[in-house]
Amino acid sequence: MEHVHLAAEEDDLYSGYNDYNPTFDSEELDNDAGFQQAVRTSHGRRPPMTAKFPGTAIGGRALGTSFGSRMPMASSMGRPMTGAVQDGAARPMTAVRAAGYSSAMTRGSTFDPLGQSKGPAPPLEGKSEDTPDEKVKILEKKVNDLIEESCLAHGLGDLQLSLDRAKEAGRKERALVRQREQSGNADHINLDLTYSVLFNLATQYANNDMYAEALNTYQVIVKNKMFSNAGRLKVNMANIHFKQKNYPKAIKLYRMALDQISNSHKEMRIKIMQNIGVVFIRMGQYSDAITSFEHIMSECPNIKTGFNLILCYYAIGDRERMKKAFQKLICVPLGIDEEDKYIPPNDDTHANLVIEAIKNDKLHQMERERKALAEKFIMTSAKLIAPAIEATFAAGFDWCVDMVKSSQYVELANDLEINKAITYLRQRDFNQAVETLKTFEKKDSRVKSAAATNLSFLYFLEKDYDQADRYADLAMTADRYNPAALINKGNTVFVKKDYEKAAEFYKEALRNDSSCTEALYNLGLTYKRLGRLEESLDCFLKLHAILRNSAQVMWQLANLFEMLEDPHQAIEWLMQLITVTPTDPQVLAKLGELYDSEGDKSQAFQYYQESFRYFPSNIDVIEWLGAYYIDTQFCEKAIQYFERATLIQPTQVKWQLMVASCYRRSGNYQKALETYKDIHRKFPENVECLRFLVRLCTDMGMKEVQDYATKLKKVEKMKEIREQRVKSAREGSARGTRREGSASSDSGHSSHGTSAKGERLSAKMRALPGSNEPYEASSQRDIDASYVDPLGAPMERPKTAAKKRNEEDEFADEELGDDLLPE
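This is a predicted model, so every value here is computed, not measured.

Caption draft 1: Representation of the overall build of the chain within the structure. Looking only at helices and strands, the chain has 33 helices and zero strands in total. Looking at the chain as a whole, 39% of its 823 residues are labelled buried. Of all intrachain contacts in the chain linking residues separated by at least 6 positions in sequence, the fraction that spans at least 24 positions is 51%. Approximately 48900 Å² of the chain is accessible, and the part contributed by carbon and sulfur atoms is 51%.

Pasting the structure below:
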């Protein structure tokens, strides 16, 4: 502290900065003799041994510092200069080295702190790749890269590329081994790399269904004692044998793998035993499978094993063990959090944000999937064992419901009750099904809505539209956002021909569930009934974007384009349709009809012929094909079609007349005569047949011509009498309607009786073909009304009441099924 001088309060802290020191005056250097001498000679570089100027701070002693390389020179003021140079070393200006300053800086050097004057740095000395070690490292890197590329290609679904990369990695790895052997480092082979290459190659062989090559590669790994834990790969080999249905070999390898895995790997042993049980099921050895599954359920129970165990007990018909297995199944812990965890509290903002973030994360999705799978197995098990564990399936369902109610799956009890009703439906016991569903009217809203939806559907199928409408309203009251209830309500309004209101219900169902295809389909049909074809077309185009391979949607699109008078687009959609249903005779016949309307007879013939091949009982197709052969002057080929029409409609005389006409046109008059005679025996009052018999017998000079001529006159006379009677009956009926109310009751009764008799006679006469009409002019649509298509209309939706597809007004009801309950 004695060297620290504190400034007095009256001193100026900033004084002395403007004082001039003449030592640094460079203007007088020209007159300084010492400086000039140093410049001209090397005197200034000589080391000073003694101080020559006794007035300085180093006078009388040698300069013992390391930075005394520059000799002090006499200045104009007699003060030595600093920074003298000695041995080329520059004296530092201060004790702290500044950035870029070097004590070795030579005289005359410039200030270059970044070293830019030295030019660019020399390149790094590259490692030589010729050395064996470097070659080995490069090959190892290439092998690892190829393995990684193979795995990535498999992840992208390119199985062939992944196999190619795996094979190339194998070749590189063998080259690496040879390289090590040549360099004398055979003892330093990378076993991990060899194992990775072989394992990846075997896996890619198996992925490409090259099972023999995969097994050979796995065998190479397993037999190599240098690979530790290679015995586990016998599980993969067993899996391959399972795919090849070589079940005994698969079980042998599974057991060998099980022997080589220690008890510390409990989870892996459980999975192998589960595989063994599944193989025993495939072999039909249910007792051995039960042994494996029971061991798993006692050690580490899980849903799949419990379900498989129930299947095995069901296969052997053990009722009591089925019950015990079902009880074990519903007690299996799922290991998931309760749903209450995801209900946000109202007062904690931070907790609400956290719950919002984890509400739909991957973990919660996995939990939902696991719970859905467990519920599916439990429902399937209950439906399977319910008819088997008790004397009646109803008692079995009741037992399952009681067990489920006492478990963690309480909400499944109501679903089982609904499945009970569905089982009644499958057994055609509709009354019991309705009674079971009616018990849900007082349950909670979700179950009530589902039960009412099913009841509405049932009554709709029975055409009890009032009850269907009532339960549809009940379902909507219980759950207004139930799209199935809205669709059923729309259907009940649709059958009452209130299409505008039906469209509103379908639209509301779509607002609640935009993926409801039934509502969109029905909305399209409703617009079609209203004549709003463009809007209907828009609905079906949207539906086609969702259901790309739906045959019903394509048919509706084709029909709409036909109604919009765009046959080319209609043909395009029908062509797409036959790629989905290539054997549909109705679609093929429709294509033939469209091509016929366009004038393309050859294409029409092709599709009509295909339609006839798949369904040889369509009268319209048969008639078109027969007429086509007659037009093309191939009457012999037309005969087989009209003969088939005769078999389908034996009471229609026109088909037999067509057969006889074909014989006559082809010149086979004898066969034509025999056919006409046969027709006359079956239809003795047919005028057309008698006319042709008279003509043929006259042309052929036969004696029977007089008999047929007599019969023809008699039939024609009878026909005239009938026509007169019909005419008089009609006139009497007309007079009866004009009579005054004062007529007597007896005459009124007589008039009505005559009128009724005349109507019956008229109806009977209209049922017979006219005598003055040629058989070729018979109506093409005159088909027996009792004829029913045995194959049915293949394009009808299975969820609707039975209608012909050409009416195009079927609509999709909500189907009663296991998945009818809303989510």
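Now that the structure has been shown, we can carry on.
Caption draft 2: Structural view of the pattern of salt bridges. The full count for this structure, using the stated rule, is 24 salt bridges. Across the pair Lys141 and Asp145 runs a salt bridge whose closest N-O atoms are separated by 3.2 Å. One end of the pair, Lys141, and the other, Asp145, are both in helix H2 (residues 132-155), four residues apart, so they sit about a helical turn from each other. The exposure class of Asp145 is partly exposed, given its relative accessible area of 30%.

Caption draft 3: Seen up close, the nonpolar core. Residues Phe326, Cys400, Tyr409 and Tyr676 are the most contacted members of the largest nonpolar core, which totals 179 residues. If one sorts the elements of this core by residue count, helix H13 (residues 362-389) sits on top with nine residues. Residues contacting Phe326, with those up to four places away along its chain left out, are Ile310, Ile378, Ser381, Ala382, Ile385, Trp399, Cys400, Met403 and Val404. Ranked by size, the runner-up nonpolar core spans nine residues in total, among them Leu139, Val143, Leu146 and Ala169.

Caption draft 4: Quick peek at the environment of Ala509. By the secondary structure assignment, Ala509 is in helix H20 (residues 499-512). Overall, the relative accessible area of 0% leaves Ala509 in the buried class. Expressed as a C-alpha distance, the spacing of Ala509 and Ala519, which sit 10 residues apart in the sequence, is 6.4 Å. Not counting chain neighbours up to four residues away, the residues in contact with Ala509 comprise Pro483, Leu486, Ile487 and Ala519.

Caption draft 5: Local environment of the packing of aromatic side chains. Enumeration over the complete set of coordinates arrives at 19 aromatic pairs. Between Tyr595 and Tyr607, the aromatic rings sit 5.6 Å apart at their centres with planes inclined by 0°, giving stacked as the arrangement. Here Tyr595 is found in helix H25 (residues 585-597), whereas its partner Tyr607 is found in helix H26 (residues 601-614), with 12 residues between them in sequence. Tyr595 sits in the buried class, given a relative accessible area of 16%. Under the relative-accessibility criterion, Tyr607 is labelled buried at 9%. Their ring planes at 20° and their centres at 4.6 Å tell us that Phe605 and Tyr628 sit as a pair that is stacked.

Caption draft 6: How the structure looks around helix H14 (residues 393-405). Spanning 13 residues, H14 covers 18 Å between terminal C-alpha atoms, matching the ideal 18 Å at 1.5 Å per step. Considered for burial, the residues of H14 that qualify are Phe393, Ala394, Gly396, Phe397, Trp399, Cys400, Val401 and Val404. Those residues of H14 hidden inside the fold are in contact with helix H11 (319-330), H13 and helix H15 (412-426).

Caption draft 7: The arrangement of the packing of helix H21 (residues 517-529) against helix H22 (residues 533-546) in detail. With their axes 7 Å apart at the nearest point, H21 and H22 run at an angle of 155° to one another. When the axis of H21 is compared with that of H22, the two are roughly antiparallel. Handedness of the crossing formed by H21 with H22: left-handed. On H22, the residues that touch Thr517, Leu520, Tyr521, Leu523, Gly524, Leu525, Tyr527 and Lys528 of H21 are Leu533, Glu535, Ser536, Cys539, Phe540, Lys542, Leu543 and Ile546. Split into classes, the residues belonging to the contact of H21 with H22 amount to 10 nonpolar, three polar and three charged.

Caption draft 8: Just the packing of H25 against H26, in detail. Across the interface, H25 lies against H26 with an axial gap of 8 Å and an inter-helix angle of 160°. Relative to H26, the element H25 lies roughly antiparallel. Here H25 and H26 pass one another in a crossing that is left-handed. In contact with Pro585, Leu588, Ala589, Leu591, Gly592, Glu593, Tyr595 and Asp596 of H25, H26 contributes Lys601, Gln603, Ala604, Tyr607, Tyr608, Glu610, Ser611 and Tyr614. Within the contact of H25 with H26, the residues separate by chemical class into nine nonpolar, three polar and four charged.

Caption draft 9: Seen up close, H11. Given a rise of 1.5 Å per residue, 12 residues ought to cover 16 Å, and the 17 Å separating the end C-alpha atoms of H11 matches this to within 8%. Buried within H11 we find Met322, Lys323, Ala325, Phe326, Leu329 and Ile330. Projected down its long axis, H11 carries its buried residues within an arc of 165°, all on one side. Exposed residues on H11 whose side chains face more than 90 degrees from its buried face are Glu320 and Lys324. Elements that come into contact with the buried residues of H11 comprise helix H10 (303-316), H13 and H14. Its side-chain oxygen placed 3.3 Å from the backbone nitrogen of Arg321, Asp318 serves as the N-cap of H11.

Caption draft 10: Summary view of unusual backbone geometry. In this model, Lys463 sits at a positive phi of 65°, which is unusual for a non-glycine residue. Inspection of the secondary structure puts Lys463 in the loop between helix H17 (445-461) and helix H18 (465-478). Its identity is not glycine, yet Gln633 carries a phi of approximately 65°, on the positive side. Summarising the element assignment, Gln633 is placed in the loop between helix H27 (619-631) and helix H28 (635-648).

Caption draft 11: Quick peek at the environment of Thr698. Along the polypeptide, Thr698 turns up in helix H31 (residues 687-700). On the basis of relative accessible area, Thr698 is assigned to the partly exposed category, the value being 48%. At a separation of 2.6 Å, a polar atom in the side chain of Thr698 contacts the main-chain carbonyl oxygen of Val694.

Caption draft 12: Local environment of the confidence of the model for the chain. Looking at the chain as a whole, its pLDDT mean stands at 77, while 73% of the residues score no less than 70. Low pLDDT, under 50, characterises residues 1-10; the predicted model gives this stretch one contact beyond four residues in sequence or across chains.

Caption draft 13: View of the side chain of Ser536. Here Ser536 shows up in helix H22. Residue Ser536 is classed as buried on the basis of its relative accessible area of 0%. Once residues lying within four places of it in the same chain are set aside, the contact partners of Ser536 are Gly524, Tyr527, Lys528 and Leu560.

Caption draft 14: View of the environment of Tyr211. Locating Tyr211 in the fold gives a position in helix H5 (residues 211-223). Through-space distance from the C-alpha of Tyr211 to that of Gln244 is 8.4 Å; in sequence the pair is 33 residues apart. Filtering out sequence-adjacent residues up to four positions away, Tyr211 remains in contact with Ala206, Ile240, Lys243 and Gln244. Here Asp209 takes part through its side chain, which lies 3.0 Å from a polar atom of the side chain of Tyr211.

Conventions used here
Residues numbered from 1 in each chain as written. Predicted model: local features only at pLDDT ≥ 70, side-chain atom pairs only at ≥ 80, totals over all residues. Heavy atoms only, no water. Helix = DSSP H or I, 4+ residues; strand = E, 2+ residues; numbered from the N terminus. Buried < 20%, exposed > 50% of the residue type's maximum accessible area, 1.4 Å probe, protein only. Contact = heavy atoms within 4.5 Å. Areas by Shrake-Rupley, 256 points an atom, 1.4 Å probe, with all protein chains shown as cover. Salt bridge = Lys/Arg side-chain N within 4 Å of Asp/Glu carboxyl O. Core = buried A, V, L, I, M, F, W, Y, C linked by side-chain atoms within 4.5 Å. Phe/Tyr/Trp six-rings, centres within 6.5 Å; stacked < 30°, edge-to-face > 60°. Expected span 1.5 Å × (residues − 1). Axes fitted to C-alpha atoms, helices over the stretch in contact; angles between N-to-C directions. Parallel < 35°, antiparallel > 145°, perpendicular 65-115°, else oblique. Left-handed = near helix turned anticlockwise from the far one by under 90°. Nonpolar A, V, L, I, M, F, W, Y, C, P; charged D, E, K, R; others polar. Arc of directions from axis to C-beta. Polar contact = N/O pair within 3.5 Å; in protein donor to acceptor, adjacent residues only side chain to side chain. pLDDT = per-residue confidence, 0-100.

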